[in-house]
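Structural overview for review
Here is what each chain is made of, one letter per residue.
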2 protein chains.
Amino acid sequence: MRPREFDHDDVLRIAFDQFWRKGVRGTSLSDIARDAGVQRGSLYNAFGSKEALFLTAYERYASDYLGSVQKALGSGTLRKRLTAFFDLTIKNLRSGSPPRGCPTTRGLMELASVEGEGLDETARKMFADLVARITGLVQQAFSEGVERGEFNGDPETAALHIVTVTRGLAVLERAFGDEAQLRKIARHTVDLVLGNR
Amino acid sequence: MRPREFDHDDVLRIAFDQFWRKGVRGTSLSDIARDAGVQRGSLYNAFGSKEALFLTAYERYASDYLGSVQKALGSGTLRKRLTAFFDLTIKNLRSGSPPRGCPTTRGLMELASVEGEGLDETARKMFADLVARITGLVQQAFSEGVERGEFNGDPETAALHIVTVTRGLAVLERAFGDEAQLRKIARHTVDLVLGNR
DNA sequence: ATAGTATTTGACATGACGTCAAGAACGTGG
DNA sequence: CCACGTTCTTGACGTCATGTCAAATACTAT
């Protein structure tokens, strides 16, 4: 076996960063190859296609991100948990300079086209899966809140509402880029759901 | 002057439909030209570029859509107005078969990339403008609700929250495509904001 | 050492966007 | 009524993207 001349993980990091900044369709393999100091052909050999490279790179991100969501939602009062979750969400979609928005939401809206047979459908499932898992974690936080008398209502509906707001924040971020506004909406939402204080 | 051999508006409709279905970057001018029975060159002559064609086509949609939002939010109790607004939102993003999602949200997330100088920034402003106008209309509905004693709270914050939820619905639609779930979230949001009935 | 195998590399095919010059169709002024 | 100019159309071209392939290359394991 001839040894690979580049680091698999380095390329994945570089690729994800480019995809995040410029979108999947807006990023060419030549860009990534140049940035990584690799020949384009080597990327095809290692990953198969641009789509496959994206999926692999995104999976790394998704698993990391899910971990931090779990951590944010894992301890403290329900109010603390939700606040931490919103903080994490906003921090994520305002990361980078200039900020890059939410990779999941951006990817989902960009790739989940209608005709989608090939990648589009695979990618859609991946994004949808992440959103579903996150919703599950939020729902669990609400359920525990019910047990502790911090919340009375349907945990599933409440979780869906919270996650919907976070996805909406990802959209508003692209539209306005006003972080203070995003925080205001987040605070308002928590107050609305849990009562004013 | 040689007369144009195709209908300007027909092409805009066809183009917007394609952009909506497959995304801006996912649609080629050849596709549109074939669909419209026009030579690709004619499109360049008439509109200048793919981006310009998209902007023109989108502007038509935006102005129509803003009109229907205005209508939905224009009369009845505040609860009726918000419900009509959510109904319109969901109907819009579930239109077509298969459903095509929200063109504004999809376009915004697809095009509002970071490097964005040229089109990206122009398009971003256009999308952001529509979202801002809609927010204004919702805010006005809340303000009138305050005057009539149907609501007490900050209209601006409330409007931002509502619009955030509608943008979030556009994202969840792509992820899950479950219309009943979207309606449930919408109903829950109205109840949350206006009190349980 | 050598044979085998995976990686690299460069050439190629296809299809996208966009430009350009030449041709075609129509109004208009003599 | 005819030639002229303006606009639209058409096809060829350049560039850059994705993806494939065969040949060259550099290790590993026998």
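The model shown is predicted, which means the values in this text are computed figures rather than measured ones. (Residues numbered from 1 in each chain as written. Chains lettered and ligands numbered in written order. Predicted model: local features only at pLDDT ≥ 70, side-chain atom pairs only at ≥ 80, totals over all residues. Heavy atoms only, no water.)

1. Remarks on the interface of chain A and chain B
It is common to give the size of an interface as the accessible area lost on bringing the parts into contact. Across the contact, 43 residues belong to chain A and 43 residues belong to chain B. Counting the surface lost from both chain A and chain B, the interface buries some 4,100 Å², and carbon and sulfur atoms represent 71% of this. Here chain A and chain B share two salt bridges between them. Linking Lys184(B) and Glu156(A) is a salt bridge whose minimum nitrogen-to-oxygen distance equals 3.5 Å. At the junction of chain A with chain B, the criterion picks out six residue pairs in polar contact (both at pLDDT 80 or more). Those elements that place two or more of their residues in the side of chain A that touches chain B are helix 1 (8-22), helix 6 (103-111), helix 7 (119-147), helix 8 (155-176) and helix 9 (179-194) of chain A. No other element matches helix 8 of chain A, which puts 16 residues into the side of chain A that touches chain B. Residue composition of the side of chain A that touches chain B, by class: 21 nonpolar, 10 polar and 12 charged. (Contact = heavy atoms within 4.5 Å. Buried area = accessible area lost by both parts, 1.4 Å probe. Salt bridge = Lys/Arg side-chain N within 4 Å of Asp/Glu carboxyl O. Polar contact = N/O pair within 3.5 Å; in protein donor to acceptor, adjacent residues only side chain to side chain. Helix = DSSP H or I, 4+ residues; strand = E, 2+ residues; numbered from the N terminus. Nonpolar A, V, L, I, M, F, W, Y, C, P; charged D, E, K, R; others polar.)

2. Focus on the protein's contact with DNA strand D
Close to DNA strand D lie 21 residues; Leu29(A), Tyr44(A), Met1(B), Glu5(B) and Gln39(B) are nearest. In DNA strand D, atoms within 4 Å of the protein come from the sugar-phosphate backbone in 72% of cases. For DNA strand D, a phosphate oxygen lies 3.2 Å from a polar atom in the backbone of Lys50(A). Sorting the residues of the surface near DNA strand D by element identifies helix 2 (29-36) and helix 3 (40-47) of chain A together with helix 3 (40-47) of chain B as the ones contributing at least two each. The leading source of residues in the surface near DNA strand D is helix 3 of chain B, at three residues. (Near = heavy atom within 4 Å.)

3. Some details on the protein's contact with DNA strand C
Of all residues adjacent to DNA strand C, which total 20 residues, the nearest are Met1(A), Glu5(A), Gln39(A), Arg40(B) and Tyr44(B). Counting only atoms of DNA strand C within 4 Å of the protein, the sugar-phosphate share comes to 68%. Here Gln39(A) contributes a side-chain N or O atom positioned 3.5 Å from a phosphate oxygen of DNA strand C. Arg2(B) has a polar side-chain atom sitting 3.0 Å from a base nitrogen of DNA strand C. Only helix 3 of chain A together with helix 2 (29-36) and helix 3 of chain B provide two or more residues apiece to the surface near DNA strand C. At three residues, helix 3 of chain A tops the list of elements feeding residues into the surface near DNA strand C.

4. A look at the environment of Ser42(A)
Along the chain, the position of Ser42(A) falls in helix 3. Between the alpha carbons of Ser42(A) and Glu5(A) there is a distance of 9.2 Å; along the sequence they are 37 residues apart.

5. A word on empty space enclosed by the protein
All names here are of chain B. Under the definition given, this model contains two cavities of 30 Å³ or more. By volume, the largest cavity is sized at about 90 Å³. Of all the secondary structure elements, the ones that give two or more residues to the lining of the largest cavity are helix 1 (8-22), helix 4 (50-72) and helix 6 (103-111). A per-element tally of the lining of the largest cavity places helix 6 first, with four residues. Here the lining of the largest cavity is built from residues that sort into seven nonpolar, two polar and two charged. Size it by volume and the second largest cavity reaches roughly 80 Å³. (1 Å grid on protein atoms, 1.4 Å probe; cavity = no way out; pocket = protein on both sides within 12 Å on 5 of 7 lines; lining within 4 Å. Points joined across faces, edges and corners; volume = space filled by probe spheres on them.)

6. Comments concerning the pattern of salt bridges
What the rule picks out here adds up to 39 salt bridges over all chains. Among the ionic pairs, Arg174(A) bridges to Glu173(A), the shortest N-O distance being 2.8 Å. The exposure class of Arg174(A) is buried, given its relative accessible area of 7%. Judged by its relative accessible area of 3%, Glu173(A) falls in the buried class. Two residues, Arg148(B) and Glu150(B), come together in a salt bridge whose shortest N-O distance is 3.4 Å. What makes Arg148(B) partly exposed here is its relative accessible area of 45%. On the basis of relative accessible area, Glu150(B) is assigned to the partly exposed category, the value being 29%. Ionic contacts of the salt-bridge type, sharing partners, join the residues Asp87(A), Arg94(A), Glu173(A), Arg174(A), Glu179(A) and Arg183(A) into one network. (Buried < 20%, exposed > 50% of the residue type's maximum accessible area, 1.4 Å probe, protein only.)

7. Regarding the UniProt feature "domain: HTH tetR-type" (unreviewed entry) in chain A
Listed under "domain: HTH tetR-type" (unreviewed entry) in the UniProt record, and renumbered for this structure, are residues 5-65 of chain A. In the segment residues 5-65 of chain A, helix accounts for 77% and strand for 0%; the C-alpha atoms at its two ends are 29 Å apart. (UniProt positions renumbered as here; feature names shortened; annotations may be inferred.)

8. Quick look at the nonpolar core
Counting 134 residues, the largest nonpolar core has Val138(A), Phe142(A), Val138(B) and Phe142(B) as the members making the most contacts within it. Those residues in contact with Phe142(A), other than ones at most four positions away along the chain, are Leu78(A), Leu82(A), Phe151(A), Pro155(A), Ala158(A), Ala159(A), Ile162(A), Val193(A) and Leu194(A). (Core = buried A, V, L, I, M, F, W, Y, C linked by side-chain atoms within 4.5 Å.)

9. Topic: the relation of the copies chain A and chain B
Screw-axis analysis of chain A against chain B gives a translation of 0.0 Å along the axis, an RMSD of 0.0 Å, and a rotation angle of 180°. The two molecules are tied by a two-fold rotation axis, judged by turn and shift. For chain A, the smallest separation between a C-alpha atom and the rotation axis is recorded for Gly168(A), amounting to 1.9 Å. Most of the interface of chain A is mirrored in chain B, where 100% of its interface residues are also at the interface. (Least-squares fit on C-alpha atoms with pLDDT ≥ 70 in both.)

10. Quick look at unusual backbone geometry
The phi angle of most residues is negative, glycine excepted, and most peptide bonds adopt the trans form. In this chain, Ser97(A) is followed by Pro98(A) through a cis amide linkage whose omega measures 0°. Mapping Pro98(A) onto the fold places it in the loop between helix 5 (78-93) and helix 6.

11. Things to note about the UniProt feature "DNA-binding region" (unreviewed entry) in chain A
In the numbering used here, UniProt assigns the feature "DNA-binding region" (unreviewed entry) to residues 28-47 of chain A. In the segment residues 28-47 of chain A, helix accounts for 80% and strand for 0%; the C-alpha atoms at its two ends are 14 Å apart.

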